[in-house]
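What follows is the residue order along each chain.
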Amino acid sequence: MIPAVTSLAAEVAQKTILEELGIDWQLLLLQMVAFLLLLFVLTKFVFPKLNAMLDKREQAIADSLKAAADAEKNALKAQADIEQMLKGARRDADEILASAKVEANAMIDQAEKRSQERADQIIAAAEVELQNEVAKARVALQQETLTLVAAATEKVIGSVVTDKVDEQLIRSAVEGIKIA
Amino acid sequence: MTLLSAAADVKKPHIDIAADTIFQLGFFKVTNSMLMGVLGYAIVLAAFFYTVWCLKHGRKNHFVSVMTWGYETLYQKVEGIIGDKKLARKIAPLPIALFFTILANYWIGILPFVGSVSTMGSHPLPIYRGLLADMNTTFALAIISMVTAQIYAARALGFWGNVGRYIVNPFRDPIGSFVGLLEIVSELSRMLALSLRLFGNVFAGEVLLIMVGFLTSYAAGVALLPFMLFELFIGFIQSYVFFMLTTVFISLGLVSHGDPPEKHLSEHQTPSGS
């Protein structure tokens with residue numbers, strides 16, 4: 001037992017820690033070269049194509065985002081235009097409505113004025129005509145009254161009076177009527 | 001006596017930290033990890049070339065989608081850490097290649113024949129061993145990672161600027177000098193940690209599978225399944241850890257002490273001078 005342990009200890013002592021771990025400079029170098037070779041092949045032939053694919057995808061995403069932003073911008077602009085147009089249309093409509101109201105009021109005022117004038121004219125004409133008729137009636141009445149008075153006087157006094165007497169009688173009769 | 005002798009007769013699994021030499025080509029030793037390494041590298045190349053071929057010919061399937069998604073995710077991660085698109089495009093191939101290489105080799109190391117198929121003779125040796133269960137590989141990958149970080153640091157800060165991160169005149173700036181020493185130790189420890197972490201996980205995983213297989217004997221087919229799934233998960237995590245650390249170490253090299261990262265990134269966005 002003891003010799004075996006001794007020989008093992010001697011064997012371990014002879015080996016360095018690197019040997020214990022199996023590190024061999026040749027193998028280490030070989031592994032480095034092998035990996036560097038793999039890295040070279042991948043960097044030369046594979047990764048550029050994958051990077052190009054990534055760039056293409058990134059570009060496509062950027063384009064899509066830009067297009068979406070443009071579309072949103074256009075939509076906002078169109079919305080603003082529509083609102084502007086609606087605002088303009090509302091303003092025009094309001095203006096038209098206001099001017100229509102003003103015109104209507106003016107027309108109504110004018111019509112009222114004309115109507116009033118016409119009514120005044122009709123009333124004035126009617127008054128004039130009435131006064132004429134009254135005057136005519138008065139004249140006719142006077143004439144008739146004179147005739148009646150003359151006739152009555154003839155019957156009362158029984159003779160024909162002279163023009164002078166007649167006139168005096170008429171006057172006094174008329175005066176009497178006026179006083180009555 | 002019979003029970004003890006029977007137990008002694010049972011062939012114990014062969015577990016060795018170092019990879020075993022299967023045969024020799026002249027002075028060149030071919031180890032069991034190399035055989036799996038060839039397969040692992042072939043798988044990585046085949047997967048990428050197949051993906052590129054499919055993309056070129058407009059063919060899409062789940063495998064291509066997963067590969068392109070994986071590449072894109074890792075690339076974006078590198079770009080996010082480095083912070084500069086042009087620089088990220090130059091740096092990204094290394095960590096991404098590391099990720100896929102480690103992932104492929106880790107996963108094929110879980111295949112049932114790895115570690116269980118042995119040579120004949122009185123001292124049977126496993127014919128297949130995971131590439132990453134060989135410390136030469138993990139050290140090689142860690143060295144490449146750290147040397148690349150130094151190259152990019154030298155490009156970004158200039159050769160003497162990069163040296164100035166480690167060597168400072170102690171009479172002029174004693175604290176800076178001490179920090180420089182710590183930086184040197186930190187760089188070495190990073191390299192060791194990178195390689196030993198990966199090796200430890202892979203080796204422990206293989207030993208675990210071998211021991212579970214050995215202990216469960218005929219029930220190994222069922223008993224190994226959850227452990228294999230767990231190892232697949234660990235393989236992914238380890239690949240991602242190696243990828244992330246490599247990227248972070250490179251990005252750390254682009255910034256010198258005392259300067260805000262934004263300053264150096266703006267000054268050295270393209271180390272090649274373009």
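Only a predicted model underlies this, so the values are computations on that prediction, with no experimental measurement involved. (Residues numbered from 1 in each chain as written. Chains lettered and ligands numbered in written order. Predicted model: local features only at pLDDT ≥ 70, side-chain atom pairs only at ≥ 80, totals over all residues.)

Chemist: Got a minute to help me understand the overall build of chain B in this structure?
Modeler: Scanning chain B from terminus to terminus reveals 10 helices and two strands. Traced from its N-terminal end to its C-terminal end, chain B shows the element sequence α-β-β-α-α-α-α-α-α-α-α-α. For chain B, buried positions account for 33% of its 274 residues. (Helix = DSSP H or I, 4+ residues; strand = E, 2+ residues; numbered from the N terminus. Buried ≥ 20, exposed ≤ 12 C-beta atoms within 10 Å, placed from the backbone.)

Chemist: Just to check I follow, could you spell out helix α8 (residues 174–216) of chain B for this structure?
Modeler: Given 3.6 residues to a turn, an α-helix orients residues that are three or four positions apart in the same direction. Residue and element names in this part refer to chain B. Helix length check: α8, at 43 residues, gives a terminal C-alpha distance of 60 Å against a target of 63 Å (1.5 Å per residue), a fit within 8%. Within the span of α8, buried status applies to G180, L194, S195, L198, F199, N201, V202, F203, G205, E206 and L209. Looking at the residues trailing α8, positive phi occurs at S217, about 50 degrees. (Expected span 1.5 Å × (residues − 1).)

Chemist: Is there a simple way to think about the packing of helix α6 (residues 135–157) of chain B against helix α9 (residues 220–253) of chain B in this case?
Modeler: How two helices sit against one another is set out by the angle between their axes and by the gap between those axes. Residue and element names in this part refer to chain B. Axis separation between α6 and α9 bottoms out at 8 Å; the angle between their running directions is 25 degrees. As the angle between them shows, α6 and α9 are arranged roughly parallel. The chirality of how α6 crosses α9 is right-handed. Touching S145, M146, T148, A149, Q150, Y152, A153 and A156 of α6 are T246, F249, I250 and G253, all from α9. (Axes fitted to C-alpha atoms, helices over the stretch in contact; angles between N-to-C directions. Parallel < 35°, antiparallel > 145°, perpendicular 65-115°, else oblique. Left-handed = near helix turned anticlockwise from the far one by under 90°. Contact = placed C-beta atoms within 7 Å.)

Chemist: How should I be thinking about the confidence of the model for chain A in this particular structure?
Modeler: Should pLDDT be low for a region, the predicted coordinates there are not to be read in detail. Across chain A, the average pLDDT comes to 86, with 88% of residues at or above 70. Helix α1 (residues 2–14) of chain A is the least confidently modelled element of chain A, averaging 60 in pLDDT, while helix α3 (residues 25–157) of chain A averages 91, the highest of any element. (pLDDT = per-residue confidence, 0-100.)

Chemist: Can you walk me through the interface of chain A and chain B in this structure?
Modeler: By a widespread convention, an interface's size corresponds to the accessible area lost as its parts come together. Contacts between chain A and chain B engage 24 residues on the former and 30 residues on the latter. Sort the elements by how many residues they give to the side of chain A that touches chain B and α3(A) lands first, with 19 residues. Among the residues forming the side of chain A that touches chain B, the class breakdown is 17 nonpolar, four polar and three charged. (Nonpolar A, V, L, I, M, F, W, Y, C, P; charged D, E, K, R; others polar.)

Chemist: I tried to follow the pairing of strand β1 (residues 21–25) of chain B on my own but got confused; where do I start?
Modeler: All names here are of chain B. Within β1, only zero of the five residues are buried, which leaves it mostly out in the open. Across four bridges, β1 lies against strand β2 (residues 28–31) in antiparallel orientation. Bridging from a neighbouring strand, Q24 pairs with K29 of β2. Where β1 hands over to β2, the hairpin turn is made up of two residues, of which G26 adopts a positive phi near 65 degrees. (Pairing = 2+ DSSP bridges.)

Chemist: For this particular structure, what's the right way to read the packing of helix α3 (residues 62–82) of chain B against helix α5 (residues 93–108) of chain B?
Modeler: All names here are of chain B. Running from N to C, α3 and α5 cross one another at 135 degrees; their axes reach a closest spacing of 10 Å. Relative to α5, the element α3 is oriented oblique. Seen along the crossing, α3 lies across α5 with a hand that is right-handed. Note on element contacts: α5 touches α3 through P95, I96 and F99, opposite Y71, L74, Y75 and V78. Among the residues making up the contact of α3 with α5, the classes are represented as seven nonpolar, no polar and no charged.

Chemist: Could you clarify how one ought to interpret the nonpolar core in this entry?
Modeler: Nonpolar side chains in soluble globular proteins tend to be buried together. I91(B), I96(B), L98(B), F99(B), I102(B), L132(B) and F242(B) are the most contacted members of the largest nonpolar core, which totals 55 residues. Those elements that place two or more of their residues in this core are α3 of chain A together with α2 (32–56), α3, α4 (85–91), α5, α6, α8 and α9 of chain B. Considering every element that reaches this core, the biggest residue donor is α6(B), with 11 residues. Ignoring anything within four residues of it in the chain, the contact list for F99(B) reads L74(B), S239(B), Y240(B), F242(B) and F243(B). (Core = buried A, V, L, I, M, F, W, Y, C linked by C-beta atoms within 7 Å.)

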